[in-house]
Amino acid sequence: MSAINFESMKIKHERWFADLEEYLTESESDFSKKHKGQNDFDMLLWKWDEEEKERPGEKHSGVCPLSQWLQTIGLRNYGSIKEIRRLEEIHDKLHENVIRIIQLKKDDEFEKARDLFLKSRELLSEIINILNSLDEILKEHDYHENISKQNGSLFFRAFNIDFIMEKIDTFILNGWFLLFMVVTRIFNYTFAVAFATSIGGLLIAIDIGVFLSSTLNLKESGTFDIFVETFFLATLIIYVLGYYVHFGMLWKLKVPCFSKSLCIINRYIDFNGIKESPSDEDLPRLLKSLEDLPKLNMIAALIYPGLVMASVVIQESLLGTVYNALLLLGGISAAIYIYVFFTYISAELLTGIMRKRIKRILVLRGVSFPEMAYLSIRKKFLFIGSLVFIFMVGIIFMINLNHGINLALLAFISLSVLILYLILFLYLMSMEEAMEEIEKAATNLARGGRGKLYISSMDRELVTVSKGIIAASYEVNAVRNNLEKRVEERTKDLNIALKNLRSKEAIIKNELSIAADIQKGILPVTPVHYNCMHMVAHYQSMEEIGGDFYDIFYMDGGKIAILMADVSGHGIPAALVTTMAKIGFTEATRMYQTPKEIFNHVNKSLIAHVKTQDYLTAFLVIINENYEVVYGNASHRKALVIRMKDKSIEEWDTDGLFVGALENSDYGQKRDQLNFGDRLFLYTDGLVEARNGHGAEFGEDRLKNILRETMPLSPSQAKAAILSAFNLFSGMEKINDDVTFLILDLNKDCQKITQFKKKSQLLYHEKKYSEAVNLLKEALTIDPKNRFIHQYLAKCYLKLENYPKAADHLNYYLTRQRTDADGFYLLSLAQFNSGIYTESLAAALTACQLKNNYKKAMQIAALSYKELNNREDEIRIWKKILAFDPENETAKKELAKYES
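Residues numbered from 1 in each chain as written. Predicted model: local features only at pLDDT ≥ 70, side-chain atom pairs only at ≥ 80, totals over all residues. Heavy atoms only, no water.

A. Expanded view of the overall build of the protein. Assigned secondary structure in the protein consists of 32 helices and 13 strands. Classification of the 900 residues of the protein by burial places 51% in the buried group. Contacts in the protein between residues at least 24 apart in sequence constitute 68% of all its contacts with a sequence separation of at least 6. Summing over all exposed atoms, the protein offers an accessible surface of approximately 43,500 Å²; the carbon and sulfur share of this is 57%. (Helix = DSSP H or I, 4+ residues; strand = E, 2+ residues; numbered from the N terminus. Buried < 20%, exposed > 50% of the residue type's maximum accessible area, 1.4 Å probe, protein only. Contact = heavy atoms within 4.5 Å. Areas by Shrake-Rupley, 256 points an atom, 1.4 Å probe, with all protein chains shown as cover.)

Okay, structure coming up:
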């Protein structure tokens, strides 16, 4: 049975989310037409409320929300309180999400609405997982209970208090709730409350009847028959018809209740819960009516039985004896007193669930309402104490009157104890539920939640405590909101500095994610092929944002610079320093040609702009066209060079302090030579300092052995082998530092290319351009991506006046060398001579941007403007040339044409 109920719940939740997704994809008008024209999305909100409770006709009560239903069937006794409370927290969160989704869609922010919907789907998955877990717990309990039934002792089970309470809970309370729902479905909500509470009145009437039957002398006074007739008719006419019609027994026949508040309740509430969407003005009135219902029920329980009592007491005083009239007055008054208290306790318990739900809706809508309190815990216990006194007086009176113990006395005592137990049981159930609500709200607030509290009790002490918790939650949440605002304001400067962190309202997690994307964006994509050098790199950050970075810079004269750096620390500060270091190294490699000069420039830049204690270590290698190397080390790991000749490993190192640490730092540099087939390896601390589960380091010796073993492999294959060995060594241990390395391989097959380049350069200077082209084409078959071969080919084709071919090779070269002003000038020359004036103009202007006062490129630009009939810009360019070269004959001649 439990599995079927859980499966039904999961299906209902899935169906509700399908409706939510349909709302997101359709217009509000189309959606409203499909769903009976209800406004906006309110109908789905009400539907969600309905899904939280079991439907009528199923095994358990339909008025309980999901979590209370789970507790009612016994799961709270099997260690599942955390799961049940988590369900309530998720349901509250989903309510908030739905309100937000509605507003986002109305504001046409569909992307945000969709994102929030996807997050809500994750909460749905968690609900289903919890339901599955609870289902397994219940099945396991059922299994052990069956074993207990087969093997356990009925004697011991009979005296197990928890077992007895569980059975009472299951058979009495659930049966009472089920009866309440059935009557609600047949008649209406207020009549069901009156009817369910009057069941206790029947038990009280039987108890007092036993008392009166053994103490009255109606037969001797001759009024027994008329008393029975009068009591029966008065009860039927005054109590049954009056009391039940008062509370809406004939509501469906269009006969209104005797109270306006009862009519309000029946208008909005039926067996399914809230049957239509009350307005913001009607909701507080509905809540007030529900809060008044126990009090109205108590007053009615005093008035209608009191009228019945008055009729029989007056009749007996007139037709019978004063003694009998006084006994009737005392006995029935005691019964009414007990009944009044019972109706209040039971009505408060029955209406508690609906009051909680309406409070939650009011909070979600942002409508304020007062927390009502009627009786205090002290007064209720005084009531209960007075009931004990009444029963004790009755017992003493019966003993004295009957001169001992008899069957009637035993029946009276048994019924009295049962009535007291039921009253205490119902009241303690109400208190237990209220205390659990208060505990859950306080725990939720302490754990960082909103601390929402919708208390079902109307005891003055508990309402006061709940007001205190609600006030505390407002204060705590206000402090949290202020804290969040301060964090947003504090991170605003960081957003501006990085130019990519988007929103002032973004939370720290979003900032870290954005910063991580930025950081990955500043790292060059490998593999990279450049002048017979093949480079691959690996980057793995310990956290979302790391402090390692590497870079590749293309310098003037065909040089290339490779940088490996490690910033102190991690997170956003490290990301900021890496970004500023990236900018600094980019500027420096355009201005200077040696590691010493570059390190000095970046060191001064970081000290001027970074006011924290952050710094970086770095290793910089600059390689020219002939593979001559100048390198410098700023307190970084030594570079490892594996020589192809004998697989020996050399360590490159120089003196140098951290970059960004001291103003007057001095950096050394050294020179060396890379030979064809040699391999250069740059790396950071995280690689060799990683530890496995036994605390052992990966270490430099292990790394060097791997580098020797992987020499025959290509750089990409060597990278994969190093990572495989590293992961095998680390196992499941989390890395405690960023891991970055770069492999540079000088292709051994490119030795021929160098020879071809030298020969072609000689042929070029001897003006044997065709022979130079043939040699360069042969070199291109060895290394098709070699940009320098493309550059020399373009120059040769220009000399041969094969301008389209020259433009093709220059385009390929410039896609990989975007900062070469001379390359763009040659491209503009080739395109101009090919008659492609728009493209020649664009190339010439790019060359002018890269190199100030680039006369040759400016002349091509002016001539392109001329061919494009743009006289104004042409004249402007010629005048600009004359401004820094007054003797330029070409410019003078062209301007003279326009002046004449």
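B. Representation of the packing of aromatic side chains within the structure. Tallied over the entire structure, the rule returns 33 aromatic pairs. Seen in terms of ring centroids, Phe-211 and Phe-412 are 5.7 Å apart; in terms of plane orientation they differ by 40°. Their pairing is tilted. A residue pair is termed long-range when its members are at least 10 positions apart, and Phe-211 in helix 9 (residues 189–215) and Phe-412 in helix 16 (residues 407–446) qualify at 201 residues. With a relative accessible area of 9%, Phe-211 lands in the buried category. For the pair Phe-585 and Phe-599, a centre-to-centre distance of 6.2 Å together with 80° between the ring planes defines the contact as edge-to-face. Here Phe-599 lies in helix 20 (residues 595–609) and Phe-585 lies in helix 19 (residues 571–591), a separation of 14 residues in the sequence. The exposure class of Phe-585 is buried, given its relative accessible area of 0%. Aromatic rings pair up to connect Phe-187, Phe-191, Phe-195, Tyr-239, Tyr-243, Tyr-244, Phe-247, Tyr-304 and Tyr-339 into one cluster. Over the ring of Phe-698 we find Arg-702; its NZ or CZ atom is 5.6 Å from the centre of that ring. When the ring centre of Tyr-854 is taken as reference, the NZ or CZ atom of Lys-851 above it lies at 4.5 Å. (Phe/Tyr/Trp six-rings, centres within 6.5 Å; stacked < 30°, edge-to-face > 60°. Lys NZ or Arg CZ within 6 Å of the ring centre and 35° of its normal.)

C. Inspection of the sheet that holds strand 7 (residues 616–623) at higher detail. Strands sit in the order 5-6-7-8-11 across an open sheet of five strands; the sheet is antiparallel. Of all the strands in the sheet, the pair left with one neighbour each is strand 5 (548–554) and strand 11 (670–673). This sheet shows a mean twist of 20° between the axes of neighbouring strands, independent of strand direction. (Pairing = 2+ DSSP bridges. Axes fitted to C-alpha atoms, helices over the stretch in contact; angles between N-to-C directions.)

D. Broad picture of the state of the cysteines. A full pass over the atoms with the stated rule returns zero disulfides. Unpaired in this structure, Cys-257 has its nearest cysteine sulfur neighbour in Cys-263, at a distance of 4.6 Å. Owing to a relative accessible area of 8%, Cys-257 belongs among the buried residues under this scheme. (Disulfide = S-S within 2.5 Å.)

E. Structural detail: the confidence of the model for the protein. Taken residue by residue, the protein gives an average pLDDT of 79. The fraction at 70 or more is 80%. Note that pLDDT drops below 50 for residues 31–79; the model gives that stretch 143 contacts with residues more than four away or on any other chain. Note that pLDDT drops below 50 for residues 143–159; the model gives that stretch six contacts with residues more than four away or on any other chain. (pLDDT = per-residue confidence, 0-100.)

F. Broad picture of helix 11 (residues 224–246). Over its 23 residues, helix 11 extends 31 Å from the first C-alpha to the last, a length consistent with the 33 Å expected when each residue adds 1.5 Å. The largest bend along helix 11 measures about 30° and falls at Thr-235. Those residues of helix 11 that sit buried are Phe-227, Thr-230, Ala-234, Tyr-239, Gly-242, Tyr-243, Tyr-244, Val-245 and His-246. (Expected span 1.5 Å × (residues − 1). Bend = angle between axes of the 7 residues up to and from the residue.)

G. Structural detail: the packing of helix 31 (residues 871–884) against helix 32 (residues 889–899). Relative to each other, helix 31 and helix 32 sit at 140°, their axes nearing to 9 Å. With respect to each other, helix 31 and helix 32 are oriented oblique. Crossing handedness for the pair helix 31 and helix 32: left-handed. Across the interface between the two elements, Arg-871, Glu-874, Ile-875, Trp-878, Lys-879, Ile-881 and Leu-882 of helix 31 pack against Thr-890, Ala-891, Lys-892, Glu-894, Leu-895 and Tyr-898 of helix 32. Residues of the contact of helix 31 with helix 32, tallied by class, amount to seven nonpolar, one polar and five charged. (Parallel < 35°, antiparallel > 145°, perpendicular 65-115°, else oblique. Left-handed = near helix turned anticlockwise from the far one by under 90°. Nonpolar A, V, L, I, M, F, W, Y, C, P; charged D, E, K, R; others polar.)

H. Structural detail: the side chain of Gln-315. By the secondary structure assignment, Gln-315 is in helix 13 (residues 282–319). Gln-315 sits in the buried class, given a relative accessible area of 13%. Setting aside residues no more than four positions away along its own chain, Gln-315 makes contact with Ile-226, Phe-227, Thr-230 and Gly-320.

I. Expanded view of the sheet that holds strand 3 (residues 528–530). As summarised here, the arrangement of the six strands in space is 3-4-13-12-9-10, forming an open sheet in which the pairing is antiparallel. Two strands lie at the open edges of the sheet, namely strand 3 and strand 10 (649–652), each paired on one side alone. Recorded for the sheet is a direction-independent mean angle of 20° between the axes of neighbouring strands. Of the strand pairs in this sheet, strand 9 (residues 639–642) and strand 12 (residues 679–683) are connected by three bridges, and their pairing is antiparallel. Bridge pairing in strand 12 places Val-641 opposite Leu-680.

J. Expanded view of the environment of Phe-177. You can see Phe-177 is positioned in helix 8 (residues 161–186). Judged by relative accessible area, Phe-177 falls into the buried class, the value being 4%. Taking the C-alpha atoms as reference points, Phe-177 and Ala-196, separated by 19 residues in sequence, lie 8.5 Å from one another.

K. Structural detail: the packing of helix 24 (residues 751–765) against helix 26 (residues 787–799). One way to put it is that helix 24 packs onto helix 26 with a least axis distance of 11 Å and a crossing angle of 20°. The angle between helix 24 and helix 26 falls in the class roughly parallel. Handedness of the helix 24/helix 26 crossing: left-handed. Across the interface between the two elements, Ile-753, Lys-757, Gln-761 and Tyr-764 from helix 24 touch Phe-788, Ile-789, Tyr-792, Lys-795, Cys-796 and Lys-799 from helix 26.

L. Molecular detail of the environment of Ala-574. Along the chain, the position of Ala-574 falls in helix 19. Here Ala-574 falls in the buried class, since its relative accessible area comes to 0%. Each C-alpha atom of the pair Ala-574 and Asp-614 lies 7.6 Å from the other, and the pair is 40 residues apart in sequence. Residues contacting Ala-574, with those up to four places away along its chain left out, are Gly-546, Gly-547, Val-567, Ser-568 and Gly-569.

M. How the structure looks around a nonpolar patch on the surface. A cluster of nonpolar residues, Phe-232, Leu-233, Leu-236, Ile-237 and Leu-241, forms a patch on the protein surface that exposes about 480 Å² of accessible area. Mapped onto the elements of the fold, Phe-232 is located in helix 11. (Patch = residues over 30% accessible without salt bridge, like charges linked within 9 Å, V, L, I, M, F, W, Y side chains within 5 Å. Salt bridge = Lys/Arg side-chain N within 4 Å of Asp/Glu carboxyl O.)

N. Representation of the pairing of strand 8 (residues 628–634). For strand 8, the tally of buried residues reaches six of seven residues, placing the bulk of the element in the interior. Bridge count between strand 7 and strand 8: six bridges; the pairing is antiparallel. For Ala-618, the partnering residue across the bridge sits in strand 8 and is Ala-634. Between strand 7 and the antiparallel strand that follows it, strand 8, lie four residues; Tyr-627 among them carries a positive phi value of about 70°. Two elements, strand 8 and strand 11, share four bridges in a ladder whose sense is antiparallel. When the sheet's bridge partners are listed, Tyr-631 is paired in strand 11 with Lys-670.

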